[in-house]
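Structure at a glance
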Amino acid sequence: MMELTSSEPENKLQAIEVPRSDRWRIRRRLLELSIPAVCSADGHLHVEVNNSVAALQVRSVLRQFGAGRAELVDWLENCWRQTSPDCAA
């Protein structure tokens, strides 16, 4: 289960609980998107979210890694049928 928890309100660093098997791949993808991310020894992925675009990108990456194939196919087919705010994430 992937879970996003806020550290401190004034700190834009978020601790994300992701499966250890996925966290390095998630980190790499976030870095490709220019979103600072660090894997810690406690198993969390710490991500710096500075704006709403970065938050949407993080959500999208987590969805890509956390959703099953059937869910992603359904989501993509829905996006092809209509333009929706949900398709942006």
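Presented here is an overview of the structure given in this document. Fair warning: this is a prediction, and the values are worked out from it, not measured in the lab. (Residues numbered from 1 in each chain as written. Predicted model: local features only at pLDDT ≥ 70, side-chain atom pairs only at ≥ 80, totals over all residues. Heavy atoms only, no water.)

Some remarks on the packing of helix 1 (residues 20–32) against helix 2 (residues 52–66)
Across the interface, helix 1 lies against helix 2 with an axial gap of 10 Å and an inter-helix angle of 145°. In this structure, helix 1 meets helix 2 at a crossing whose hand is right-handed. Of helix 2, the residues touching helix 1 (which contributes Asp 22, Arg 25, Ile 26, Arg 29 and Leu 30) are Val 58, Val 61, Leu 62 and Phe 65. Of the residues that constitute the contact of helix 1 with helix 2, the class distribution is 6 nonpolar, no polar and 3 charged. (Axes fitted to C-alpha atoms, helices over the stretch in contact; angles between N-to-C directions. Helix = DSSP H or I, 4+ residues; strand = E, 2+ residues; numbered from the N terminus. Left-handed = near helix turned anticlockwise from the far one by under 90°. Contact = heavy atoms within 4.5 Å. Nonpolar A, V, L, I, M, F, W, Y, C, P; charged D, E, K, R; others polar.)

Considering the environment of Val 38
Counting through the fold element by element, Val 38 comes out in strand 3 (residues 37–39). For the pair Val 38 and Arg 28, spaced 10 residues apart in sequence, the C-alpha to C-alpha distance is 9.5 Å. Setting aside chain neighbours within four positions, we find Val 38 in contact with Arg 27, His 44, Leu 45 and His 46.

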